[in-house]
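Read off the chains here:
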Amino acid sequence: MQSEQDVIKQVAPYSAHRIVPGGERFLKNCWYVAAWSNEIERKPFPTTLLNEPVVLFRQEDGTPVALEDRCPHRRVPLSAGTVTGDAIKCAYHGMTFNGKGSCIYAPAQEKIPAAANIKSYPVVERHTLVWIWMGDPALADEKAIPYDVVDTLDHPEWRHKGQRRHLKCSYRLLMDNLTDMLHLAYVHTSTIGNPAIEANANKMKLDRGDNFVRVERWMVDQPPPPGFVAAAGFTGNVDRWHVSNYRPPSYFRLDLGAAPAGTGAPEGKIDPSKALVRHNINCITPETETTCHYFWAESNRNWQRDPSITEKIYDVVLEAFEEDTEILELQQRTININPNAREVHLAVDAPGVQVRNILRRRIEEELAAESRPQSAST
Ligand code: FES
Ligand SMILES: [Fe+2]
């Protein structure tokens, strides 16, 4: 069993994540969220994911597809063109590509150039999200979607409201933020934090495996933060829980809630008719080294008791995320000045260090697999 201090010593500085000369390497053979389902229509939807230009659209039967957003003729984004049938036509000279990325029309000539195809990405739609596989299509496996992070988005006993945000910071800074509970006592004092957070910051149960980190924290018999009072109407002290579940590369399901103090919540007796029971769902997709797409949602089991609670919790958390955005973008600006500047760790950073280590190991494994010589038969 590693001590907290051992874990902290293992962590690499922020700059050490830049393990490929000339740019950051992202984990590629995994699913990322490309968009919320309701964002993808028949018309082209342009986005940049992992530094790659991508266009998404729905085919006639409603199936979403994702293609490289760059015409191979003169590199105009295909998203400036039009979707006809199951194909997209370039706005500049009309080259046309089907959902597999094959060129099906080349203007003013009969023969389609052999090199005219573009990259197509495996895409699936699950739990109100459109997922994309940015790595080797042959390895795309739907079982690798982090279902346990997102499955309350369309569960009949839960209700959710979510949002897409664009952050001018590395996805890694947002990942640090989502494993860091201490900042609630400083950044979120008017919403989801209060002094009880700092007093309990180092009381945590930390579990980790090759592909998960779980951090459980309890604040027993403490005043509820302002946002909990606003959303759920607590009148006295509460037993509050905060469980953070990480899945690589960049998924977090926070199991959050509070119950009137002394009603047995720490022993597992949680009654949704009296307690606030929430999942805060977070899916982060790198856009570039220093920007990211953030798909988040608040899901709760209290909507039957109070139909307006989903909206109320969403409003509180949105305000909190706006507070986070301000700090994270300031942090990125300072990091950009000197990405190699040193960084120290506090004891409370142990979960974030574990998350960084898992992601780094997965990227290193992927790089090692790519550099292995192919066998003669392949
Ligand atoms: S740039 Fe697309 S067809 Fe010419
Ligand atoms: Fe925060």
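About the cut-offs
Residues numbered from 1 in each chain as written. Chains lettered and ligands numbered in written order. Predicted model: local features only at pLDDT ≥ 70, side-chain atom pairs only at ≥ 80, totals over all residues. Helix = DSSP H or I, 4+ residues; strand = E, 2+ residues; numbered from the N terminus. Rg over C-alpha atoms; globule rule 2.2 N^0.38 Å. Buried ≥ 20, exposed ≤ 12 C-beta atoms within 10 Å, placed from the backbone. Contact = placed C-beta atoms within 7 Å. Core = buried A, V, L, I, M, F, W, Y, C linked by C-beta atoms within 7 Å. Domains from an automatic or database assignment. Expected span 1.5 Å × (residues − 1). Pairing = 2+ DSSP bridges. Axes fitted to C-alpha atoms, helices over the stretch in contact; angles between N-to-C directions. Parallel < 35°, antiparallel > 145°, perpendicular 65-115°, else oblique. Left-handed = near helix turned anticlockwise from the far one by under 90°. Nonpolar A, V, L, I, M, F, W, Y, C, P; charged D, E, K, R; others polar. pLDDT = per-residue confidence, 0-100.

Q: Account for the overall build of the protein chain, with residues named and values stated.
A: Counting its regular elements, the protein chain contains eight helices and 18 strands. Here the protein chain has a C-alpha radius of gyration of 23 Å; the compact-globule value for 378 residues is 21 Å, and the two agree. Considered along the principal axes of its C-alpha atoms, the protein chain spans approximately 80 × 45 × 40 Å. The buried share of the protein chain, reckoned over its 378 residues, is 40%. Intrachain contacts of the protein chain at a sequence separation of at least 6 include 59% that bridge at least 24 residues.

Q: Pulling in residues and values, what's your account of the environment of P72?
A: Locating P72 in the fold gives a position in the loop between β4 (64-68) and β5 (82-84). For P72 and A115, which are 43 residues apart along the polypeptide, the C-alpha to C-alpha distance reads 8.2 Å. Setting aside its immediate chain neighbours within four residues, P72 contacts A115, A116 and I118.

Q: Lay out the nonpolar core with the relevant residues and their values.
A: Residues A34, L56, W131, I132 and L174 are the most contacted members of the largest nonpolar core, which totals 91 residues. Examining the composition of this core, we find that eight residues originate from one element, helix α7 (residues 309-337), more than from any other. Taken together, domain 1 (40-121) and domain 2 (146-364) each give at least three residues to this core, which thus spans both. If we ignore the near neighbours within four places in the chain, the residues touching L174 are L167, C169, I284, C292, Y294 and L328.

Q: Describe helix α8 (residues 350-371), and please don't skip the residues or the numbers.
A: The first and last C-alpha atoms of α8 sit 32 Å apart over 22 residues, in line with the 32 Å expected at 1.5 Å per residue. Within α8, the full set of buried residues consists of A350, P351, G352, V353, Q354, V355, R356, I358, L359 and I363.

Q: Please give an account of the sheet that holds strand β8 (residues 103-105) that cites residues and values.
A: What the four strands build is an open sheet, ordered β5-β6-β7-β8; its pairing is antiparallel. If you trace the sheet from one side to the other, it starts and ends with β5 and β8, each paired once. Averaged over all pairs of adjacent strands, the angle between their axes in this sheet comes to 35°, without regard to strand direction. Across two bridges, strand β7 (residues 96-98) lies against β8 in antiparallel orientation. By the bridge assignment, F97 is partnered in β8 with C103.

Q: How would you summarise the packing of helix α3 (residues 171-179) against α7 if you had to cite specific residues and measurements?
A: The geometry of α3 relative to α7 is characterised by a closest axis approach of 10 Å and an angle of 135° between their N-to-C directions. Between α3 and α7, the angle falls in the class oblique. Considering how the two elements wind past one another, α3 and α7 form a crossing that is right-handed. Contacts between α3 and α7 involve L173, L174 and N177 on the former and, on the latter, D324, L328, Q331 and Q332. Of the residues that constitute the contact of α3 with α7, the class distribution is three nonpolar, three polar and one charged.

Q: Describe unusual backbone geometry, and please don't skip the residues or the numbers.
A: Of note, the bond from P248 into P249 is cis; its omega dihedral lies within 30 degrees of zero at 0°. As for its placement among the helices and strands, P249 is situated in the loop between β15 (238-247) and β16 (251-260). For T128, which is not glycine, the phi dihedral falls at a positive 70°. Mapped onto the elements, T128 comes out in the loop between β10 (123-126) and β11 (129-133).

Q: Outline the domain arrangement of the protein chain, supporting the account with residue identities and numerical values.
A: Domain annotation for the protein chain reports domain 1 (40-121) and domain 2 (146-364). Taking the mean C-alpha position of each, domain 1 and domain 2 sit 38 Å from one another. On the side of domain 2, four residues touch domain 1, which itself brings four residues to the contact. Tallied by class, the residues present in the side of domain 1 that touches domain 2 amount to two nonpolar, two polar and no charged.

Q: Lay out the sheet that holds strand β17 (residues 276-288) in plain terms, naming residues and giving numbers.
A: Taken together, the seven strands give an open sheet; going across it, the order is β12-β18-β17-β16-β15-β14-β13, and neighbouring strands pair in antiparallel fashion. Edge strands, defined here as strands with exactly one partner in the open sheet, are β12 (159-167) and β13 (205-209). Geometrically, the sheet is characterised by an average inter-axis angle of 15° between neighbouring strands, direction not taken into account. Alignment of strand β14 (residues 212-222) against β15, held across eight bridges, turns out to be antiparallel. In the strand pairing of β15, R217 is matched with H242. Across the sheet, α3 lies against β12, β14, β15, β16, β17 and β18 (291-300), angled at about 160° from β17, the strand it touches most. Packing of α8 onto the sheet brings it into contact with β13, β14 and β15, and relative to β14 it is tilted by some 165°.

Q: Describe the confidence of the model for the protein chain, listing the residues and the values that go with them.
A: For the protein chain, the average pLDDT comes to 90, and 93% of its residues sit at 70 or higher. Note that residues 4-16 has pLDDT below 50 and, in this model, 25 contacts with residues that lie over four places away or in other chains.

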